[in-house]
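# Residue-level structure breakdown
What follows is the residue order along each chain.
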Amino acid sequence: MATGAVPSSMTGMATGLRASDRSFGFVKNVDFAKIARAPEQRRIKSQGRIASVIRNSSKSSSEIVELEPASEGSPLLVPRQKYCESVHKTVRRKTRTVMVGNVALGSEHPIRVQTMTTSDTKDVNKTVEEVMRIADKGADLVRITVQGKREADSCFEIKNTLVQKNYNIPLVADIHFAPAIALKVAECFDKIRVNPGNFADRRAQFEQLEYSDDEYQKELEHIEKVFTPLVEKCKEYGRAIRIGTNHGSLSDRIMSYYGDSPRGMVESAFEFARICRKLDFHNFVFSMKASNPVIMVQAYRLLVAEMYALGWDYPLHLGVTEAGEGEDGRMKSAIGIGTLLQDGLGDTIRVSLTEPPEKEIDPCKRLANLGMQASSLQKGTVPFEEKHRRYWDFQRRTGQLPVQKEGEEVDYRGVLHRDGSVLMPVSLDMLKTPELLYKSLAAKLVVGMPFKDLATVDSILLRELPPLEDDESRLALKRLIDISMGVIVPLSEQLAKPLPNAIVLVNLNEISTGAHKLLPKGTRLAVTVRGDEPSEELDVLKNVDDITMLLHDLPLSEEKLSRVHAARRLFEYLEESSLNFPVIHHIQFAKEIHRDDLVITAGSNAGSLLVDGLGDGILLEAPEQDFEFLRNTSFNLLQGCRMRNTKTEYVSCPSCGRTLFDLQDISAEIRTKTSHLPGVSIAIMGCIVNGPGEMADADFGYVGGAPGKIDLYVGKTVLKRGIEMEYATDALIQLIKDHGRWVDPQLKSRLLAALLLCYRKIKGFFSFFLRNLSKSQTSVEFPCWKIN
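Read on for a plain summary of the structure.

About the thresholds
- Residues numbered from 1 in each chain as written.
- Predicted model: local features only at pLDDT ≥ 70, side-chain atom pairs only at ≥ 80, totals over all residues.
- Heavy atoms only, no water.
- Phe/Tyr/Trp six-rings, centres within 6.5 Å; stacked < 30°, edge-to-face > 60°.
- Helix = DSSP H or I, 4+ residues; strand = E, 2+ residues; numbered from the N terminus.
- Buried < 20%, exposed > 50% of the residue type's maximum accessible area, 1.4 Å probe, protein only.
- Lys NZ or Arg CZ within 6 Å of the ring centre and 35° of its normal.
- Core = buried A, V, L, I, M, F, W, Y, C linked by side-chain atoms within 4.5 Å.
- Contact = heavy atoms within 4.5 Å.
- Axes fitted to C-alpha atoms, helices over the stretch in contact; angles between N-to-C directions.
- Parallel < 35°, antiparallel > 145°, perpendicular 65-115°, else oblique.
- Left-handed = near helix turned anticlockwise from the far one by under 90°.
- Nonpolar A, V, L, I, M, F, W, Y, C, P; charged D, E, K, R; others polar.
- Expected span 1.5 Å × (residues − 1).

Moving on, we come to the packing of aromatic side chains. What the rule picks out here adds up to twelve aromatic pairs. With a centroid separation of 6.1 Å and an interplanar angle of 80°, the aromatic rings of F286 and Y314 are classed as edge-to-face. Taken as a pair, F286 in strand β15 (residues 284-289) and Y314 in the loop between α7 (293-310) and β16 (317-318) lie far apart in primary sequence, 28 residues in all. Residues F286 and Y314 agree in their burial class; the two are buried. Across the ring face of Y216, the terminal group of R253 is positioned such that the distance to the ring centre comes to 5.4 Å. Across from the ring centre of F629, 4.1 Å away, lies the NZ or CZ of R595, which sits over that ring.

Another aspect to go through is the nonpolar core. Ranked by internal contacts, the top residues of the largest apolar core, which has 96 residues, are I175, I192, F227, L230, I241 and F286. Top contributing element to this core by residue count: α7, with twelve residues. If near-sequence neighbours (up to four positions away) are discounted, I192 is found in contact with A173, I175, A182, V185, A186, L230, C234, A240, I241 and R242. Listed in part, the 59 residues of the second largest apolar core include A443, L477, L505 and V611.

With that settled, consider the packing of helix α6 (residues 262-278) against α7. Relative to each other, α6 and α7 sit at 50°, their axes nearing to 8 Å. As summarised for this structure, α6 and α7 are arranged oblique, according to the angle between their axes. Considering how the two elements wind past one another, α6 and α7 form a crossing that is right-handed. Taking contact as the criterion, the partners of P262, R263, M265, V266 and F270 in α6 are, on α7, I295, Q298, A299, L302, L303, E306, M307 and L310. Its residues assigned to classes, the contact of α6 with α7 comprises ten nonpolar, one polar and two charged.

Looking now at helix α16 (residues 563-576). Taking 1.5 Å per residue, 14 residues should reach 20 Å; α16 reaches 20 Å between its end C-alpha atoms and fits that length. Burial runs high along α16: twelve of the 14 residues are buried. S578 occupies a position one or two residues after α16 and carries a positive phi of about 55°.

This part takes up the environment of G704. Positionally, G704 belongs in strand β30 (residues 700-706). Classification of G704 by relative accessible area gives buried; the value is 0%.

Right, here's the structure in full:
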């Protein structure tokens, strides 16, 4: 008997069920109504909620797999099961071995790296050369798009030519909408990637359709009829299959039941997996890709949770689709892939960049090495019980932002930002050139005075204070404090060379010994913690009234300790203790760290916490690294985790043989002209396969519709078709203007400067007036005022 559970609110629904569902037996308990039915999985659709009733095929039939809301009030139902081997250390999930040619995927083997060609598959020589370059860079697998008969014919030549040149790297065929082509290419390639959203279903129309049970069942039968020949062919030839779901290309049928959600992504893949299992074919892997790292992480975790419940052990291919280019693309991939690797999930990975495919291999290897090291060392922290982390849907734990206290001379409310804060380390040398410092912090300057802007650093960490007699440096710090920028300084420095209104950095030992009491009463504190301390040591936090923030700082040099798991333990302690201090993820890097390693480490360590809603900001310290690079990396991290949006968001596909224009050049052109539009998201897609569906997160879309022709979208709706490429970028800008989302960059700067100057003069006037009224002063020095 298959068993499962749905919220107890459904217990009174028996009379409202369809006739075919009335064999369900309802049994009330405190929180859930239990359901029993024979099929391996059953859908229930009611009041906008979906429940999957599942059983564990490897356990006794009497065991119950319960589903629960991902969070209070959430429509997403998730199994009450684990999604990884351990929540307090990285233990690689045990998976079966899947053979792709001569390469083995699975937990008993290294994490494999792969990429995809961008050349026209019909151009055999160019594709062969590209595969060889990729193989020489160290890739384990190469995927090639195969969209039609001519491309399929070319695949045989490509494979033979590579073998003749002693290149035996496994080749993967990327298939959309073409079951017959998949059958053909399975005769020569080692693996077939199918997209469950469009392999057998028609292209999604994004319509709200209603399916009866019979209609739904007929579509499932159609999928089985279309997909079975490919499974049998792969079984015959010893090929592998990747069931690769994409968030943006779910079928209308799936979306009608599950919505555009991680739940729908998992069910879409499982429909195909059940067919494979029915035919006793197990040489397949799963992927759950999305351009949004938060959605991607949720989907993989839900997939694995259900596989645990069912007793399945299939490997995972990890990737963030349409990640983009440069540091943006690397950061998104580090957040999504790195988070799952920290959980011990993932057997092969691809970093999708809008760059030549061979450039994907280096960051891919760096991520794979990070994952292998974490799992081989089983990096973690002291075991703890986890009760509060919401890893199924994004619900941010927001720390209490600073509140102004009576009698304080400066405004502390701006030292942290409600959408995520960026803190930066500043040296004494930087104070010697104040205007350059203000610009480095991304502050706006009006007549030489700093003002905070959208992407200005919120607070700074100053390890050493300037001497008391250094008036110029101290004036620079005062002007930052006056605009509500926090200046954090160590306790020893503040006691020796006090800076008025500074935030003082202390550790737990300094609090427990009472050293912080040497400061004037009411001094604001930032407390540095590791996260692996005994609860008794952390308890001192309960007795201090002036804590503005915590800095979570566990050195990366601690080989066996994991920052991620220690932070999870810290957040669990804070929730259990009802402490709502903001927590800043503070990461200190070695001098010699490579830029890509810094981005990947920051994304994997801090991003993996922020995608779970754990944390209020980031502080990256890296000696000898460029200050602007560190600042941009910090803001990229927050934006990649869907927190603080400070620039235009791009969803840019990595290009492949289907691409109908030079994606890298066009992407660069669009970015140059539109990068000043924070809050606007633009999708740049090479072809229709990764077109409207993949633009789920985008406001506007630039999509290749035909050779030399571009289609423009608003959301998932095409508004203009067949625009000549030379006019398409200007047409996109006009479309943004027509929808009221365009801001002229020069006009914006001029208006901001004028408003800031006007605001400062008005506030200065009223300050002068009020002081004269209360104190009869005849003159006053105007301060630098912060805009609230």
